[in-house]
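What follows is each chain in one-letter form.
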Amino acid sequence: MNTENISFWDKIAARIPFTRTGRLARPRLRHKFFFIFLIVIILPFSILIYYSYTSTRSTITKQTYTALNVTLAQINTNVEKRLDYYNQLSNILYMDAQLRNYLSTDYEQAFYYLDAFQYINRTLPSLMTLNSNIQNITIFTGNKTLYSDGQYVKYMEELPAEIKEKALKAAGSTVYTHTDDYTAPDAHFTLARSLSYFSLQHPYGILTLDISDNELYSLIKMENNNKSVYIIDENGRIISTGDQNLASSLLYDLYPIQKELSGASGHFDLKMNGQERFFTYNKLSNGWSTVITVPYDELLSNTNKATGKIIWFSAITISIAILLLYFTTKVLTKRIEVLLQQIRKVERGAFRLSINPMGHDEIGQLSFAFNKMASTIQNLIQDVYVKEIAMKESELNTLQAQINPHFLYNTLSSISSLALKEGAGQVYQMVNYLAKYYRVSLNKGKRIILVEQEINLVKNYVAIQDIRFRDKLHMHYDLDEELFQRTTIKLILQPFIENCINHAMWDESGVNINVKLKRDGHDMLLQVIDDGAGMTAEQLDQAMQKSDSPSGASGYGIKNVDDRIKLTYGGEYGVSMFSKPGIGTAVTIRIPLDPPPSAAKAPG
């Protein structure tokens, strides 16, 4: 269970960029510090910018909504005041008893209405003089006995049916209409009311006041900065607007907002042609509506300006922070880079370091500890490694110097001379072969000989044993003579020939021994194969573990030969054996064709 957990978390750790197995674990430490610090700086700044933008946008948007509602309320108040003013002005004529008498009198003779016209021409122009935005004041009457001057007094038939119908339906209350083209030079709206002061069912005329559109335009033109203001009637027809570029006389043709304007007041958003707009509206007491619309780009212009300033300030601040960060990380990692250079020197085997003191912080303590460690390693190499090499060299020399070479060689020469003098031919022959054997094996104290010399040493040894066993040794040689001039350590074949003679012969027929020399890639193989008694797996394992041969006759065991080869050429070389009881034994010795210089010195 724990193993599964560790494996799982190791996989997770490998996916984290800055862990030792993560993808981003490879860049230099300075770059990592720079990247981490950059995130630490940019992330808070980004959050700050985002928060500033959203909070500023929210605040400015709310302020803009409030300002628009205040503007809308102010426009409505001003319009209501102006309309109320003209309504009060119409009340003067509506309640004028003298005017009512003149308009309702039946004139039998023409000169009787001169007083009426004198009064009308004095009263109505004076009202127009006092109010420059009144284009016309007209009284429409149904009294045919009253003369129509075509200006102040007109007959009811001349009144447009729409105005007449609305005025009669209002029964004395004020109604409003306007011209179809609000952009015309004489554009105006008309205030109309039926003159029926005492009898609402029987009006004695209809009063109309044509008021110039400038009256309303003057109230909204100053509020048209970055926004559009419209005054519309119940059907959406534009009465007045500050948007001089608007060509349509119906607001709903420009903005499909008829459903949204169903209430008394409110605000809403609308997206048209990829542009989002904000609308706010309020109805007037006469049924008209004041509508203000602002594109969101204009609505948030102040927000965007404030955000732009924040971004520029943040960009400058981040740039300065990045420069400071670059120099800071460079200073922080400089000592680590120096320490890394010293570590690489140690990696290449140079243990004499010259690290100046780096302070008392963690990096300083690390450099001090590393310097001390390098010094300790150097001492260990001198005290342990050199001693180990000397010990190995001593072992090699000990393995080869188990007899006194000069004493033995001189003694054998004396015996050979004595045997020849006494006529003992076989003794002379055996001692002569033995002398040749030791002359090659001793090799003036050198341990490296030619392969040809190693083969001759085996042949001399076999010649001695052949005299002893009288034709029971059947030797076969399969040798690649091109390898004769290669070098090898001495006495690596003879111990295995000796084992064949001592342990392989199991009847009077003797034993067949094959000695082979061949190339195997960059290596050289020496093989000794016999058809003798063979060994079990346990016996083979025992033979490979013993440092001396079982009989102790040769003085060099199989393991000793294997150890010498490994010590000289390396662990990949040495002895391998295969054996089966009743079949025989095969020994393979592998050594390099081109040994390292320390092991390849040919005999002098």
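For the structure itself, look to the data block above.
The numbers attached to residues start from 1 for each chain and follow its sequence in the written order. Per-residue local features of the predicted model are confined to residues with pLDDT of at least 70, and side-chain atom pairs are confined, for both listing and counting, to 80 or more; whole-chain, interface and lining totals are unaffected and use all residues. Derived side-chain values reflect all non-hydrogen atoms in the structure, with water molecules and hydrogen atoms excluded from consideration.

Some details on the sheet that holds strand β5 (residues 205-212)
Part 1 of the argument: Should DSSP find at least two bridges between two strands, the strands are regarded as paired. Helix and strand definitions follow DSSP, with helices as H or I runs of at least four residues and strands as E runs of at least two, each counted in order from the N terminus. Read from one edge to the other, the open sheet built from five strands follows the order β2-β1-β5-β4-β3, with strand pairing classed as mixed. The sheet is open, and its two borders are formed by β2 (153-155) and β3 (175-178), each paired with just one other strand. Each neighbouring strand pair of the sheet contributes to a mean axis angle of 30 degrees, computed without reference to strand direction.
Part 2 of the argument: Lying on the sheet, helix α4 (residues 114-130) is in contact with β1 (134-141) and β2; it crosses β1 at an angle near 150 degrees.
Part 3 of the argument: Each of β3, β4 (188-195) and β5 touches helix α5 (residues 161-170); the most contacted strand, β3, lies at about 165 degrees to it. Inter-axis angles, ranging from 0 to 180 degrees, are taken between N-to-C directions of lines fitted to C-alpha atoms, where helices are fitted over the stretch in contact. Any pair of residues with heavy atoms lying within 4.5 Å of one another is described as a contacting pair.

Here we look at the pairing of strand β8 (residues 265-272)
Part 1 of the argument: The sheet contact formed by β8 and strand β9 (residues 275-283) spans eight bridges and is antiparallel. Pairing of F268 across the sheet is with F279, part of β9.
Part 2 of the argument: Linking two consecutive strands that pair antiparallel, namely β8 and β9, is a turn of two residues; a positive phi of about 55 degrees is found at N273 within it.

A closer look at the side chain of T141
Part 1 of the argument: By secondary structure assignment, the location of T141 is in strand β1.
Part 2 of the argument: Only 3.1 Å separates the side chain of T141 from the backbone nitrogen of N143, close enough to count as a polar contact.
Part 3 of the argument: Setting aside anything within four residues of it in sequence, one finds T141 in contact with L103, L146, V153, K154, Y155, M156, Y204 and G205. A 3.5 Å cut-off defines polar contacts: any pair of N or O atoms within that distance qualifies, except that in protein one atom must be a possible hydrogen donor and the other a possible acceptor, and neighbouring residues in sequence count only when both atoms are side-chain atoms.

Brief notes about the packing of helix α3 (residues 97-104) against α4
Part 1 of the argument: Here α3 crosses α4 at 140 degrees, and the two axes come no closer than 10 Å. As the angle between them shows, α3 and α4 are arranged oblique. The handedness of the crossing between α3 and α4 comes out as left-handed. Residues Q98, L99, Y102 and L103 of α3 form the contact with α4, whose own contacting residues are D115, A116, Y119 and I120.
Part 2 of the argument: Of the residues belonging to the contact of α3 with α4, the class tally is six nonpolar, one polar and one charged. Any angle between 65 and 115 degrees counts as roughly perpendicular, while under 35 counts as roughly parallel, over 145 as roughly antiparallel, and the rest as oblique. By the definition used in this description, the sense in which the near helix is turned from the far one sets the handedness, with an anticlockwise turn below a right angle giving left-handed and a clockwise turn giving right-handed. The nonpolar class holds Ala, Val, Leu, Ile, Met, Phe, Trp, Tyr, Cys and Pro. Asp, Glu, Lys and Arg form the charged class, and all remaining residues, Gly among them, are polar.

Observations regarding a nonpolar patch on the surface
Part 1 of the argument: Exposure above 30% relative accessible area and no salt bridge define the residues that can form patches, which grow by joining like charges within 9 Å and nonpolar side chains of Val, Leu, Ile, Met, Phe, Trp and Tyr within 5 Å. For accessible areas, the Shrake-Rupley method is used with a probe of radius 1.4 Å. Any residue's cover is judged against the shown protein chains and nothing else. Any Lys or Arg side-chain nitrogen located within 4 Å of an Asp or Glu carboxyl oxygen qualifies as a salt bridge. Where nonpolar side chains cluster on the molecular surface, the patch consists of F35, I36, F37, I39, V40, L43, I47 and L332 and spans about 690 Å² of accessible area.
Part 2 of the argument: With seven residues, helix α2 (residues 29-94) is the single largest residue contributor to the nonpolar patch.
Part 3 of the argument: Examined against the element boundaries, F35 turns out to sit in helix α2.

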